[in-house]
Amino acid sequence: MSAFLKAVHCLALCLALGGPLFWTCIWRVLDTPEVHHATLQVWQRARVGTWLGAVCFLVSGTADLLRVAHQVIDPTDLGGHIQFLLGTRYGNMTLLKILLIPFFLMSVFRLSTSYPRLAQGCAALCGLALLSTLSLTSHAAAKPGIVPVLSETIHLAGVVVWGGGLLYLALLPWKTIRQETETYGRLLWKLVERFSTIALVAVCLLVMSGAVLAFLHVYGFQAFSDTPYGRILSTKIAVFLLTLGVAGWQLMRLSPALKRQARTRIPGAADTLLGRCAALVRTEAALILGAILLAAVLTTLPPAERPAQVTHGAWDKTLDDWHLHLTMTPRGDRGQVQFEIALTPIHHQQIPHDLQLFVHLRMRGHDMGTLRRAAVPIAAGNYTTPGLISMAGAWEVAITLQPPGAAPLTTTFALAAATGTLDQDRNRRLELAAIRASLLALLSCLLGLLLGALAVVTLWASRSGRMPGWATPFGFCLLVCGSYLVFRVVLVDAYPTTYFANPFPSTPEVIVQGQHVFQQHCAVCHGRDGHGDGPAAAGLHPTPADLTAAHVEDHTDGDLFWWLTHGIAGTAMPPWQEQLSEPERWMVVHYIRSLRRGRL
């Protein structure tokens, strides 16, 4: 029911906003006296579609508000419903829709007769406000900053322009047009050409804003197959690409044929071309409706922003005369797991009661320390022990079997973790400061902007006839490549302080002050020289990080400052914001940097 209401809501908005847009920006620009009969039919259908869309938009929005309210409020509690309407964002946005729709309809049907320019401006502002009511109650509104909401608004605008325009293009009086090809042939070519140009801009906005939203709501490619949100989004993208293929066929093949027909005017060929055009437009509109329905389903599912926990895993191996079955199960907070080992003798020998099992957990290619634990027996041949995965990446579990009076036996299991304890407070965000993080990031953004500018020039030249038609898909490729080069830098998983610059210079005086704070508060765990070998380190699991290792250079000063301030969940690293002032924490960051750089 929820997905149905959301789909009706979005489709109704496309009808309501698409009608005036199609009439004003596409049909009226090409209207001539000889097509007056078709103009009356188009206006009638645009007027009915706009009214129908506005009414359905209000009804579906109100119905969805009641559905949401009934989940938390007794249906007979009128005061509770009024409080929900006035005191929640969802209620406020619904109330704003109720107030905006009459102004929008008045601008379209009343002011347009006397003050056309004023009417167009008011209708555009009302339309933008209506789009904002949807984006402010979407998944994007739960994200920090204005970029997610702005991206959602741009995405909805692209849907309304392309989808709404397609609906009215499909509702053209095709029967009248095909009966009078001599009159309407030239107009139809110009109509398709103009709509294609506007739709091209809308598709560019859809692709760029969709890429941003996909990054914000999906943690990685694995989520497209492992989560309901990812699978629906994959289907939506497939439908979008199919729609784009139909549109591209019409743009590349049918539009030039209509242009040639407008010059030669062969009646039989004209009727065939118009029939194909009508069929393609209706197919494209039907696919757009399918994409809108899938988008509505997405609004009812929790986004796959990142794995809730480390994925469950199971492995089997033979170790000399023993068969090992290792199971890893997520537990508690992100990154915390439980290992269970089932040990079976191959030759049915007795399992010694004093046999010992040890589990070693370490990250491959990234020295995060090794977590070593003795597995606890829970039954004959069954052992268990907790583990901790600190960050996403490739990990290795080593199982050491220590039979009494014999040499130890060791085997390893490889696993891939999509999350860890360090991701606990990270959020996907737009960080323009990331451009300054490295020379490579700066060059990537500059190259992306250059490719984006070339894409705009290519698309404009192909639409204006200065370049051949095949330049249009080439321009799209340039746009995608340029967007990727920019977005890969500025859209990041980061803490709020990740790209903060250290306010203190890295001078000997600052480093000495940081050393004093470090020795007083941190050396007991991390050691006097930062090797993670302090007096208290032996009793900590996992052991403290080696601050002289290469992994320190993989993190910004802002990352280190965040961990000093808030600690690291699931480890012995506590928050220090109460004990250390902000300047002291920044000075400690400089001292930690000096530990490694002093060894180079």
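Keep in mind that this is a model prediction, so the values were computed, not measured. (Residues numbered from 1 in each chain as written. Predicted model: local features only at pLDDT ≥ 70, side-chain atom pairs only at ≥ 80, totals over all residues. Heavy atoms only, no water.)

Undergrad: How should the environment of Ala170 be read in this particular structure?
TA: By the secondary structure assignment, Ala170 is in helix 6 (residues 147-170). The spacing of Ala170 and Val281 is 111 residues in sequence and 5.7 Å in space, taken between C-alpha atoms. In this view, Ala170 contacts Val281, Arg282 and Ala285; residues no more than four positions away in its chain are not counted. (Helix = DSSP H or I, 4+ residues; strand = E, 2+ residues; numbered from the N terminus. Contact = heavy atoms within 4.5 Å.)

Undergrad: Just to check I follow, could you spell out the packing of helix 5 (residues 116-135) against helix 6 for this structure?
TA: What describes two packed helices is the angle between their axes and the distance between those same axes. Across the interface, helix 5 lies against helix 6 with an axial gap of 9 Å and an inter-helix angle of 125°. Here helix 6 runs oblique to helix 5, going by the angle between their axes. Crossing hand, helix 5 versus helix 6: right-handed. Along its contact with helix 5, which presents Leu128, Leu131, Ser132, Leu134 and Ser135, the element helix 6 presents Val149, Glu152, Thr153, Leu156, Ala157 and Val160. Across the contact of helix 5 with helix 6, the residue classes tally to 7 nonpolar, 3 polar and 1 charged. (Axes fitted to C-alpha atoms, helices over the stretch in contact; angles between N-to-C directions. Parallel < 35°, antiparallel > 145°, perpendicular 65-115°, else oblique. Left-handed = near helix turned anticlockwise from the far one by under 90°. Nonpolar A, V, L, I, M, F, W, Y, C, P; charged D, E, K, R; others polar.)

Undergrad: Even after reading the chapter, I still don't get the nonpolar core, so can you show me in this structure?
TA: Soluble globular proteins: nonpolar side chains tend toward being buried together. One finds Leu13, Phe22, Trp27, Phe104, Trp162 and Leu172 to be the most contacted residues of the largest nonpolar core, which totals 76 residues. Not counting residues within four places of it along the chain, the set of residues in contact with Phe104 comprises Ala16, Leu17, Pro20, Thr50, Ala123 and Cys126. Judged by nonpolar contacts, the second largest core, of 50 residues, contains Val552, Phe561, Trp562 and Trp576. (Core = buried A, V, L, I, M, F, W, Y, C linked by side-chain atoms within 4.5 Å. Buried < 20%, exposed > 50% of the residue type's maximum accessible area, 1.4 Å probe, protein only.)

Undergrad: Before we go on, may I ask you to explain the pairing of strand 3 (residues 336-345) in this structure?
TA: Remark: a regular strand shows side chains that alternate across the two faces of the sheet. Counting buried positions along strand 3 gives 7 out of 10 residues, so the element sits mostly inside the fold. Inspection of the sheet shows strand 2 (residues 322-330) paired to strand 3 by 9 bridges, in the antiparallel sense. Along strand 3, the bridge assignment pairs Trp322 with Pro345. Bridge count for strand 3 against strand 7 (residues 382-388) is 7 bridges, and the pairing is antiparallel. Paired with Val337 across the bridge in strand 7 is Gly387. (Pairing = 2+ DSSP bridges.)

Undergrad: Any chance you could explain the sheet that holds strand 7 here in plain terms?
TA: The strands making up a sheet are joined through hydrogen bonds of the backbone, oriented either antiparallel or parallel. What the 5 strands build is an open sheet, ordered 1-2-3-7-6; its pairing is antiparallel. Edge positions in the sheet fall to strand 1 (313-319) and strand 6 (376-379), since each has one partner strand and no second. Across the sheet, the axes of successive neighbouring strands diverge by a mean angle of 25°, strand direction being ignored.

Undergrad: Any chance you could explain helix 13 (residues 471-490) here in plain terms?
TA: Each α-helix winds once per 3.6 residues, and so residues spaced three or four apart point in a common direction. The end-to-end C-alpha separation of helix 13 is 28 Å, in line with the 28 Å expected for 20 residues at 1.5 Å each. Listing the buried residues of helix 13 in full gives Ala471, Thr472, Gly475, Phe476, Leu478, Leu479, Gly482, Ser483, Leu485, Val486, Val489 and Val490. (Expected span 1.5 Å × (residues − 1).)

Undergrad: Help me understand the packing of aromatic side chains, please; the structure alone is not making it clear to me.
TA: Think of a pair of aromatic rings as described by two things: how far the centres are apart, and how the planes are tilted against each other in angle. Under the defined criterion, the tally for this structure stands at 10 aromatic pairs. Relative to Phe109, the ring of Trp43 lies with its centre 6.0 Å away and its plane at 55°, an arrangement referred to as tilted. Here Trp43 is found in helix 2 (residues 36-70), whereas its partner Phe109 is found in helix 4 (residues 89-114), with 66 residues between them in sequence. Residue class for Phe109 comes out buried when judged on its relative accessible area of 15%. With a centroid separation of 5.7 Å and 20° between ring planes, the pair formed by Trp51 and Phe109 is classed as stacked. With Trp51 in helix 2 and Phe109 in helix 4, this residue pair connects regions lying 58 residues apart in the sequence. Feature note: the residues Trp23, Trp43, Trp51 and Phe109 constitute an aromatic cluster, connected by ring pairs. (Phe/Tyr/Trp six-rings, centres within 6.5 Å; stacked < 30°, edge-to-face > 60°.)

Undergrad: How do you make sense of unusual backbone geometry when you look at a structure like this?
TA: A negative phi holds for most residues other than glycine; trans holds for most peptide bonds. We note that Asp320 has phi near 55°; this positive angle belongs to a residue other than glycine. If you trace the backbone, Asp320 turns up in the loop between strand 1 and strand 2. Using a relative accessible area of 52% as the deciding quantity, one classes Asp320 as exposed.

Undergrad: Would you take a moment to explain the pattern of salt bridges for this structure?
TA: Side chains that differ in sign of charge can pair as their charged atoms come close. Within this structure, the stated rule accounts for 5 salt bridges. Glu396 is paired through a salt bridge with Arg364; the nearest N and O atoms lie 3.4 Å apart. Of the two residues, Glu396 sits in strand 8 (residues 393-402) while Arg364 sits in the loop between strand 4 (356-363) and strand 5 (371-374), which places them 32 residues apart along the sequence. Given the relative accessible area of 38%, Arg364 is considered partly exposed. Taken together, the shared-partner salt bridges in this structure form one network comprising Lys6, Asp64 and Arg67. (Salt bridge = Lys/Arg side-chain N within 4 Å of Asp/Glu carboxyl O.)

Undergrad: Looking at this structure, I do not really get the confidence of the model for the protein. What am I missing?
TA: Atomic detail in the predicted coordinates should be set aside for any region of low pLDDT. Residues of the protein with pLDDT of at least 70 account for 93%, and the chain-wide mean is 84. Of all secondary-structure elements in the protein, the lowest mean pLDDT belongs to helix 7 (residues 174-179), at 76, while helix 14 (residues 508-521) reaches the highest, 92. (pLDDT = per-residue confidence, 0-100.)

Undergrad: What is the right way to look at a nonpolar patch on the surface in this model?
TA: On the surface, Ile146, Leu150, Ile154, Val201 and Leu205 cluster together to form a nonpolar patch covering roughly 440 Å² of accessible area. Within the residue set of the nonpolar patch, elements represented by two or more residues are helix 6 and helix 8 (181-217). Position of Ile146 relative to the elements: it lies in the loop between helix 5 and helix 6. (Patch = residues over 30% accessible without salt bridge, like charges linked within 9 Å, V, L, I, M, F, W, Y side chains within 5 Å. Areas by Shrake-Rupley, 256 points an atom, 1.4 Å probe, with all protein chains shown as cover.)

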